[in-house]
Amino acid sequence: MTELKVQGSGGYIIADLTEEQAKKADLGVGKLFLAPIGKLETEKMFKHYCNNCETEFENPPTIHLEENTNEEVADNLILVERGQYTCEKCSSVIGEYRVFKKNDESADIGKANPSQ
């Protein structure tokens, strides 16, 4: 695990990411992004920067649960939780996260199944 800067739409978070999380966050533009990672554990986040306050804080952002839905967003893909990382001072959104799960881990998601 490595301490890395992860960008959000309203700032950034310094967090301890696994190699797998870092790969998800890398969209090939030279920066890491929060959205593809999903929800980070509070104890893995060390600092946050708010674009609105123009301040770096020496602790994790606040996690605000926006929605706990269990909404089916595609065949065999469920949106379990939607939330935001927010600034401790002004409550501006630093970034957002989504948590997904598959009902059937063995099902073929995203594979074409031609009709016969």
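You'll find the structure just up there.
These numbers were taken from a predicted model, which means no experiment stands behind them.

Engineer: Even after reading the chapter, I still don't get the packing of aromatic side chains, so can you show me in this structure?
Structural biologist: Aromatic ring pairs are reported here in terms of the distance separating the ring centres and the angle at which the planes meet. Counting across every chain of the model gives two aromatic pairs. Taking the centre distance of 5.1 Å and the plane angle of 10° together, the rings of Tyr12 and Tyr49 count as stacked. On the criterion of sequence distance, the pair formed by Tyr12 in strand E2 (residues 11–17) and Tyr49 in strand E4 (residues 45–50) is long-range, its members being 37 residues apart. Assessed through its relative accessible area of 15%, Tyr12 is described here as buried.

Engineer: Can you walk me through the sheet that holds strand E3 (residues 32–33) in this structure?
Structural biologist: Where strands meet in a sheet, backbone hydrogen bonds hold them as pairs that are either parallel or antiparallel. With mixed pairing, five strands are arranged side by side in an open sheet as E3-E1-E2-E4-E5. With partners counted over all chains shown, the strands left at the sheet margins are E3 and strand E5 (55–57), one partner each. Sheet topology note: the strand E1 (residues 2–8)/E2 ladder contains seven bridges and is antiparallel. Residue Glu3 lies in a different strand from E2, and its bridge partner there is Asp16.

Engineer: Help me understand the pattern of salt bridges, please; the structure alone is not making it clear to me.
Structural biologist: Pairing between side chains becomes possible if they bear opposite charge and their charged atoms approach one another. Counted by the stated rule, this structure contains six salt bridges. Between Glu81 and Lys39 there is a salt bridge whose closest N-O contact spans 3.1 Å. In this pair, Glu81 sits in strand E8 (residues 77–86) while Lys39 sits in the loop between E3 and E4, placing the two residues 42 residues apart along the sequence. Accessibility expressed as a relative area gives 40% for Lys39, which makes it partly exposed. Close ionic contact of Glu56 with Lys47 constitutes a salt bridge, the shortest N to O distance being 4.0 Å. A single network of salt bridges, built from pairs that share partners, joins Lys47, Glu56 and Glu58.

Engineer: What is the right way to look at the environment of Cys50 in this model?
Structural biologist: Tracing the backbone shows Cys50 in strand E4. Cys50 gets classed as buried once you look at its relative accessible area, which sits at 0%. Non-local contacts of Cys50, meaning those with residues more than four positions away in its chain, are made with Gly10, Thr55, Phe57, Cys87, Cys90, Ser92 and Ile94.

Engineer: Honestly, unusual backbone geometry in this entry has me stumped. Any pointers?
Structural biologist: A negative phi angle is the norm for most residues apart from glycine, just as the trans form is the norm for most peptide bonds. Non-glycine residue Asn76 carries a positive phi angle of around 65°. Looking at the element boundaries, Asn76 is found in the loop between strand E7 (71–74) and E8. Using a relative accessible area of 13% as the deciding quantity, one classes Asn76 as buried. Of note, the phi angle at Ser91 is positive, near 65°, even though the residue is not glycine. Among the structural elements, Ser91 can be located in the loop between E8 and strand E9 (93–101).

Calculation criteria
All residue numbers here refer to positions counted from 1 along the written sequence of the relevant chain. With the structure being a predicted model, the display of local features is reserved for residues of pLDDT at least 70 and the display and counting of side-chain atom pairs for 80 or more, all residues being used for whole-chain, interface and lining totals. Side-chain figures throughout are based on the complete set of non-hydrogen atoms in the structure, without hydrogens or water. Think of it this way: a Phe, Tyr or Trp ring, Trp meaning its six-membered ring, pairs with another when their centres are within 6.5 Å, and the plane angle makes it stacked under 30 degrees, edge-to-face over 60, tilted otherwise. Each helix is a run of H or I in the DSSP string that is no shorter than four residues. Each strand is a run of E no shorter than two, and both are numbered from the N terminus. To sort residues, take the accessible area from a 1.4 Å probe on protein chains only and compare it with the maximum for the residue type: under 20% means buried, over 50% means exposed, and anything in between is partly exposed. Criterion used throughout: strands pair if DSSP finds at least two bridges between them. Salt bridge, as used here, is a side-chain nitrogen of Lys or Arg placed within 4 Å of a carboxyl oxygen of Asp or Glu. We call two residues in contact whenever any of their non-hydrogen atoms come within 4.5 Å of each other.

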